[in-house]
Amino acid sequence: MFYKVGELARATGLTVRTLHHYDHVGLVRPSGRTHSGHRLYDESDVRRLYEVLALRQLGLPLEDIGAALEGTSDLGELLTRHRDHVDRQLVAMRTLRAHLTTMLAAVDGQAGVTGFLALIREVTTVDETVKQYFSETQLAELAERRSRLGEQEDVQRRWQDLIPRVQRAVETGVDPASAEGRALAAEWMGLLEAFHGGDTGLRDSLYRMQADNSERIQREHGGPSPEQLEFIRRASAS
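In this text, all values refer to a predicted model and were calculated from it rather than measured experimentally. (Residues numbered from 1 in each chain as written. Predicted model: local features only at pLDDT ≥ 70, side-chain atom pairs only at ≥ 80, totals over all residues. Heavy atoms only, no water.)

Once that is clear, we can look at the overall build of the chain. The helix and strand inventory of the chain stands at 13 helices and 3 strands. Residues classed as buried in the chain amount to 32% of the 238 residues present. Roughly 15100 Å² of accessible area belongs to the chain as shown, and the carbon and sulfur atoms make up 52% of that amount. (Helix = DSSP H or I, 4+ residues; strand = E, 2+ residues; numbered from the N terminus. Buried < 20%, exposed > 50% of the residue type's maximum accessible area, 1.4 Å probe, protein only. Areas by Shrake-Rupley, 256 points an atom, 1.4 Å probe, with all protein chains shown as cover.)

Following this line, the structure appears as structure tokens:
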């Protein structure tokens, strides 16, 4: 059974122009022609077209599809490469979803445009310094964690309350090994746990970022200072 190009286009939902292009680039060439030169596709051509469309559905570019079908390229390698691309897309979508969740929780229906733009900047802009220490997957996890924590409690407010209390303990000479010192350390570590969720990779990335940028973090975000961190270290070890 043969199909004319128009018939095949209608049967598959493709355009005649697409079929012409596949013929032009050598992906799906018709096995026959009419006396007037019109393309005729047989069953093997239809199977070939299905293979092209299946690989195209996976997102492979046409040049890779041709190589795969001709056996000059490793299909497994192509699929692995595409899977990795999909993984990166999933990471981006997870981050976007987390940002949207945060925005939905925070946006007041009566908020002005200026406030809304400020919120967009806040939840979509990741400091370049942070990007140096966290992978894309980690950033997506942090964005998701941020949206969940935002629904449960104001973590930032808790840090703003805790850091001055630790500073007062440092200034008044509280013994880190005392009950007060250990309680402050437990609260501190609990907030850190909420950040990294027990993920040692996230925890280590956080510690590296803090160590390399301690002065900037203290200047721009109010802490923690080296003295506060030393107090917490000693209190946690007691």
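Once that is clear, we can look at the sheet that holds strand β1 (residues 3-4). Whenever strands of a sheet pair, they do so through backbone hydrogen bonds, lying parallel or antiparallel. Here we have 3 strands laid out as an open sheet, ordered β1-β3-β2, and antiparallel in their pairing. Only two strands of the sheet have a single neighbouring strand rather than two, namely β1 and β2 (32-33). In terms of strand pairing, β2 meets strand β3 (residues 39-41) through 2 bridges, oriented antiparallel. Note that in β3 the partner of Arg33 across the bridge is Arg39. (Pairing = 2+ DSSP bridges.)

Here Ala183 lies in helix α10 (residues 179-196). Counting along the chain gives 49 residues from Ala183 to Ile232, while the straight-line C-alpha distance between them is 9.9 Å.

Right, let's talk about the packing of helix α1 (residues 5-12) against helix α2 (residues 16-24) for a bit. A pair of packed helices can be characterised by two numbers: the angle between their axes and the separation between those axes. Contact pair α1 / α2: the axes reach a minimum separation of 9 Å and the direction vectors enclose 115°. In terms of their interaxial angle, α1 and α2 are classed as roughly perpendicular. The interaxial crossing formed by α1 with α2 has right-handed handedness. The segment α1 lies against α2, with Val5, Gly6, Leu8 and Ala9 engaging Val16, Leu19 and His20. Looking at the contact of α1 with α2 residue by residue, the classes come out as 5 nonpolar, 2 polar and no charged. (Axes fitted to C-alpha atoms, helices over the stretch in contact; angles between N-to-C directions. Parallel < 35°, antiparallel > 145°, perpendicular 65-115°, else oblique. Left-handed = near helix turned anticlockwise from the far one by under 90°. Contact = heavy atoms within 4.5 Å. Nonpolar A, V, L, I, M, F, W, Y, C, P; charged D, E, K, R; others polar.)

Moving on to the nonpolar core. If you look at the biggest cluster of nonpolar residues, it comprises 14 residues, and the most contacted ones within it are Leu19 and Val28. Those elements that provide at least two residues to this core are α1, α2, α3 (43-57) and α4 (62-69). Among residues more than four places away in sequence, those in contact with Val28 are Tyr22, Asp23, Tyr41, Asp45, Arg48, Leu49 and Val52. Counting 13 residues, the second-largest nonpolar core is a separate cluster that includes Val166, Ala185, Leu191 and Leu192. (Core = buried A, V, L, I, M, F, W, Y, C linked by side-chain atoms within 4.5 Å.)

Before going further, it helps to spend a moment on the environment of Lys4. On the secondary structure map, Lys4 appears in strand β1. Among the residues examined, Lys4 registers a relative accessible area of 47% and is labelled partly exposed. Along the sequence, Lys4 and Asp42 sit 38 residues apart, while their C-alpha atoms lie 9.2 Å from each other. Ignoring sequence-local partners within four residues, the contact set of Lys4 consists of Arg39 and Leu40.

When α4 is considered as a whole, its buried residues turn out to be Asp64, Ile65, Gly66, Ala67 and Ala68. With its phi angle positive at about 75°, Gly71 sits one or two positions after the end of α4.

Before going further, it helps to spend a moment on the pattern of salt bridges. On inspection of all chains with the given rule, the structure shows 6 salt bridges. Arg39 is the salt-bridge partner of Asp23, the closest N and O atoms lying 2.7 Å from each other. A residue pair is termed long-range when its members are at least 10 positions apart, and Asp23 in helix α2 and Arg39 in strand β3 qualify at 16 residues. The class of Asp23 is buried, set by a relative accessible area of 10%. The salt bridge partner of Arg48 is Glu70, with a shortest N-O separation of 3.1 Å. Here Arg48 is found in helix α3, whereas its partner Glu70 is found in the loop between α4 and α5 (75-106), with 22 residues between them in sequence. (Salt bridge = Lys/Arg side-chain N within 4 Å of Asp/Glu carboxyl O.)

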